[in-house]
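Report on the structure
Listed below, chain by chain, are the residues.
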Amino acid sequence: MKQFEANFDGLVGPTHNYAGLSFGNVASKSNANAVSNPKQAALQGLQKMKALADMGMTQGVLAPQERPDIYALRRLGFSGSDAHVMQQAYKQAPHIFLACCSASSMWTANAATVSPSGDTADGKIHFTPANLTNKYHRSLEPQVTGNILKATFADPNHFAHHQHLPDNEHFGDEGAANHTRFCQEYGGEGVELFVFGRYAFDDSKPAPKKYPARHTFEACEAVTRLHGLNERNVVFAQQNPDVIDAGVFHNDVIAVGNQNVLFYHQHAFLDTAKMKAEILDKFGSDDFHFIEVPDNEVSVSDAVKTYLFNTQVIRLPNGNMAIIAPKECENNEAVSTYLAKLITQDTPIKEVHFFDVKQSMQNGGGPACLRLRVAMTELEKSKVNPNTFINDKTYETLCAWVNKHYRDELLVDDLVDPQLLIESRTALDELTQILGLGSVYPFQS
């Protein structure tokens, strides 16, 4: 049976903006309050999705969240009409209001952790939405994310959905941004690498000092239990606290893996040797490539600036692996020199493709942030909501939808405009019909 890895990218929402909400994310903070371009951002994302589909990849799309989140504001004591709630919150608590306007759901690497059927005890694909407790603006996402995932992967005979972990930093879970999977065949048994920043219940263990470690060891353990993973399928590794303090807020900013490749920076992990030994022991084959990028060729600073490791490593139909990188990698001398050398070496990575995702990069996320990976078989693919796959027709339909509903520019002050909320809800209601999702947003209830 044919087996492959599908990418489900997050569609940028109609209120895409730069509020600089994410402490520890250097790109996000440095572009706070800049003018955003929602239409351009959504079309850039769709262009990347279509390009990957044209390369022969299975490419899907996940709907965005509704923003501003009026329900979150009401829960915090703002009342009256929707317009009054927005104006009141913007006047009295602007930081809270902006948090409830966050565009962060576009980064679906944080949407959930996914374990393919080859790894799970019941032979189903398992999904656990990330609770994202470290940032208030992201902690608003899990419920609707779960609704969207259930509407996309609906067949209970093939897909299992879990509630997100408890809303507490002891179980801080950032989803697939700290998770990757190695396998010989996508549909077969694999090894899942869970990366964490700290031990929540043991203060004696290493932890960053400047920026928060958003993902805990305890969260990793909980997800493995929920997904019915066997010890032979799992490796736990701690992220280097020093690189978290250098702005590496997720592991996918410093490492990325696919099948028999782990591409990572020299300083990515706290105990690299131990992690490598365990992966090799559990992988079941010597045909594994650890591609370690030396600090003297690409610094951590350049890796963060260009998101060299927040790239996608994909297996093309021709058998080669390719890196899907942002234009920023091409424009950085050290990084472009390294990538040019990499594709000549004895590894499966033989191609690099550069994409313009500037609107996402400015808000703190590169190509890998934009996608959730789901390894599946042809049978499992046939059970996925077919409206969510990108092809010529859905691409044209979604581009037309963006051009119809999205504004060209948004200033932070525009977010309080009641008309923008109406525009956004109208757009999202139409989107759920295009994608066949049913009622996934609170305003549709």
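Refer to the structure presented above.
Everything in this summary refers to the structure shown in the same document. (Residues numbered from 1 in each chain as written. Predicted model: local features only at pLDDT ≥ 70, side-chain atom pairs only at ≥ 80, totals over all residues. Heavy atoms only, no water.)

The subject of this paragraph is the side chain of Arg 181. With respect to the helices and strands, Arg 181 occurs in strand 6 (residues 179-183). Overall, the relative accessible area of 10% leaves Arg 181 in the buried class. Within the structure, Arg 181 has its side chain in polar contact with the backbone oxygen of Tyr 186 (distance 3.2 Å). Residues in contact with Arg 181, not counting those within four places in the same chain, are Pro 116, Asp 119, Tyr 186, Gly 188, Glu 189, Gly 190, Val 191, Glu 192, Asn 258, Gln 259 and Ala 375. (Helix = DSSP H or I, 4+ residues; strand = E, 2+ residues; numbered from the N terminus. Buried < 20%, exposed > 50% of the residue type's maximum accessible area, 1.4 Å probe, protein only. Polar contact = N/O pair within 3.5 Å; in protein donor to acceptor, adjacent residues only side chain to side chain. Contact = heavy atoms within 4.5 Å.)

Summed over all chains, the structure comprises seven cavities of 30 Å³ or more. The calculated volume of the second largest cavity comes to roughly 160 Å³. Around the second largest cavity, the lining residues are Glu 5, Val 114, Pro 116, Ala 176, His 179, Thr 180, Arg 181, Arg 371, Leu 372, Arg 373, Val 374 and Ala 375. Those elements that provide at least two residues to the lining of the second largest cavity are strand 6 and strand 15 (371-377). Of all the elements, strand 15 adds the most residues to the lining of the second largest cavity, at five residues. For the lining of the second largest cavity, the class distribution of residues is six nonpolar, two polar and four charged. (1 Å grid on protein atoms, 1.4 Å probe; cavity = no way out; pocket = protein on both sides within 12 Å on 5 of 7 lines; lining within 4 Å. Points joined across faces, edges and corners; volume = space filled by probe spheres on them. Nonpolar A, V, L, I, M, F, W, Y, C, P; charged D, E, K, R; others polar.)

Turning to the side chain of Asp 245, a few remarks are in order. Mapped onto the secondary structure, Asp 245 falls in the loop between helix 9 (241-244) and strand 9 (255-258). No salt bridge is formed by the buried Asp 245; the nearest opposite charge belongs to Lys 209, separated by 6.2 Å. Looking at Asp 245, its side chain comes within polar contact range of the main-chain nitrogen of Lys 209, at 2.8 Å. Separated by 2.8 Å, the side chain of Asp 245 and the backbone nitrogen of Tyr 211 make a polar contact. Apart from residues no more than four positions distant in its own chain, Asp 245 is found in contact with Pro 208, Lys 209, Lys 210 and Tyr 211. (Lys, Arg positive; Asp, Glu negative; His and termini not counted. Salt bridge = Lys/Arg side-chain N within 4 Å of Asp/Glu carboxyl O.)

A separate point is helix 13 (residues 333-342). If you check which residues of helix 13 are buried, you get Val 335, Tyr 338, Leu 339 and Leu 342. Mapping the buried residues of helix 13 onto a view down its axis gives an arc of 95°, with all of them on the same face. Buried residues in helix 13 make contact with strand 10 (261-265), strand 11 (289-293), helix 11 (300-306), strand 13 (321-326), helix 12 (327-331) and strand 14 (349-355). N-capping of helix 13 is provided by Asn 332, with a side-chain oxygen placed 3.1 Å from the backbone N of Ala 334. (Arc of directions from axis to C-beta.)

In this structure, the largest pocket occupies an estimated 560 Å³ of space. The set of elements that each furnish at least two residues to the lining of the largest pocket consists of helix 3 (70-75), helix 6 (136-139) and helix 7 (142-152). If you tally residues by element for the lining of the largest pocket, the top one is helix 7, at four residues. Of the residues contributing to the lining of the largest pocket, the split by class is nine nonpolar, six polar and five charged. Lining the second largest pocket are 15 residues; nearest its centre among them are Lys 2, Gln 3, Phe 4, Gly 56 and Arg 315. Listing elements by their share of the lining of the second largest pocket, those giving two or more residues are strand 1 (3-10) and helix 15 (378-382). Here the lining of the second largest pocket gets three residues from one element, more than from any other, and that element is strand 1. Of the residues in the lining of the second largest pocket, the class split is five nonpolar, four polar and six charged.

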